[in-house]
Amino acid sequence: MKKLALVVALTGSLIGLSACGAATEDDAAASGEKKVLKMGTSADFAPFESMDTSGEIVGFDIDLAKYVADELGYTLDIEDMKFDGLIGALQTKRVDMVLAGMSATDERDKNVDFSTEYHSSGEMFLTVKDSDIQSVEDLEGKTVAVQLGTIQEEGAKKLQEQVDFELKPVDSAMILVQELLANRVDVAYLDQAVGKGFMEEQDLAGFEDTSSSSPGMAIAFPEGSELIDDVDAVLAEMEESGKLQELKDKWLKED
């Protein structure tokens, strides 16, 4: 009888433990915990992404990423890194996607996949106020700074085939402006939306690059990512509803 009672007790305990385990899994599902979506960016590219005074990363791309993540049921986790390391982070699947004002060039498309384009700014040349550089032809013999790994670096190399100038690649957009203000370079070549922000903040001058047309900005993913179709659907909905334009009105200085 004692043995029978022990077996019954053990069986009851196992059933109880099993029920507890099942309840725990059910509770986790019922809690609505979201999966994490890891995003890479380079927070030196205002108004698309930059650090505010509290150390929080803010900007157009950040608001866009938050909206996309929320619509798809993810918690967004943002990792800041150098721009020229973002493609590698996608290839090694260190991040699930990249929003960093990145243009969807053919060269990059060989290594990653892109969403539909969400914005196009064009490029510009930034100078100090008293500069005599007012056209591409005036770049002759000058020193032009660009950010490493950007479409502006690629574009400047093509321009060198037409105009003889020295190219100085640097790590970030902030350093571009520092080099310009310190007279270590004559011109900074960068995205128009970013350049206009620096013109206002630092009392600089500049002019649009009309020599070429660059592809628009898009969200980058590891090749074959299952997220692309879902993200494209959210971008289409944002375009139709006016939400995308709302973010542009909030962050971008558009003519």
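Residues numbered from 1 in each chain as written. Predicted model: local features only at pLDDT ≥ 70, side-chain atom pairs only at ≥ 80, totals over all residues. Heavy atoms only, no water.

If you check an unreviewed UniProt entry, the chain appears there as ABC transporter substrate-binding protein from Paenisporosarcina cavernae. Regarding the chain, the relevant UniProt record gives this comment under Subcellular location (unreviewed entry): "Cell envelope". One UniProt comment on the chain, placed under Sequence similarities (unreviewed entry), says "Belongs to the bacterial solute-binding protein 3 family." (UniProt positions renumbered as here; feature names shortened; annotations may be inferred.)

A. Representation of the nonpolar core within the structure. In this structure, Leu-64, Tyr-118 and Leu-126 are the most contacted members of the largest nonpolar core, which totals 43 residues. Mapped by element, the contributors of at least two residues to this core are strand S1 (35-41), helix H2 (60-72), strand S8 (123-127), helix H6 (173-181), strand S11 (187-191), helix H7 (192-202), helix H8 (228-241) and helix H9 (243-251). Here this core gets six residues from one element, more than from any other, and that element is H2. Looking at this core, you find at least three residues from each of domain 1 (36-120 + 215-252) and domain 2 (123-209). In this structure, Ala-89, Val-95, Val-98 and Phe-114 belong to the second largest nonpolar core, which totals 15 residues. (Core = buried A, V, L, I, M, F, W, Y, C linked by side-chain atoms within 4.5 Å. Buried < 20%, exposed > 50% of the residue type's maximum accessible area, 1.4 Å probe, protein only. Helix = DSSP H or I, 4+ residues; strand = E, 2+ residues; numbered from the N terminus. Domains from an automatic or database assignment.)

B. Region of the structure containing the layout of surface pockets. Looking at the second largest pocket, its volume works out to about 270 Å³. Around the second largest pocket, the lining comprises 15 residues; the ones closest to its centre are Ala-46, Pro-47, Ser-50, Gly-197 and Glu-201. Broken down by secondary-structure element, the contributors of at least two residues to the lining of the second largest pocket are strand S2 (44-45), strand S3 (49-51) and H7. By residue number, the principal contributor to the lining of the second largest pocket is H7, which donates five residues. Of the residues contributing to the lining of the second largest pocket, the split by class is ten nonpolar, two polar and three charged. Per-domain counts for the lining of the second largest pocket show at least three residues from each of domain 1 (36-120 + 215-252) and domain 2 (123-209). (1 Å grid on protein atoms, 1.4 Å probe; cavity = no way out; pocket = protein on both sides within 12 Å on 5 of 7 lines; lining within 4 Å. Points joined across faces, edges and corners; volume = space filled by probe spheres on them. Nonpolar A, V, L, I, M, F, W, Y, C, P; charged D, E, K, R; others polar.)

C. Expanded view of the sheet that holds S2. If you walk across this open sheet you meet the three strands as S2-S3-S4, and the pairing is antiparallel. In the strand order of this sheet, the two ends are held by S2 and strand S4 (57-58), each with one partner. One ladder, built from two bridges, connects S2 with S3; its direction is antiparallel. In the sheet register, Asp-44 faces S3, and the bridge partner there is Ser-50. (Pairing = 2+ DSSP bridges.)

D. Layout of H7. Turning to H7, its buried residues number three or more, namely Gln-192, Ala-193, Val-194, Gly-195, Gly-197 and Phe-198. Along its buried surface, H7 packs onto S2, S8, H6, S11 and strand S12 (205-208). Near the N-terminus of H7, the side chain that reaches the backbone nitrogen of Ala-193, with its oxygen 2.9 Å away, is that of Asp-191. Trailing H7 by a residue or two, Asp-203 shows a phi angle of about 55 degrees, which is positive. (Contact = heavy atoms within 4.5 Å. Polar contact = N/O pair within 3.5 Å; in protein donor to acceptor, adjacent residues only side chain to side chain.)

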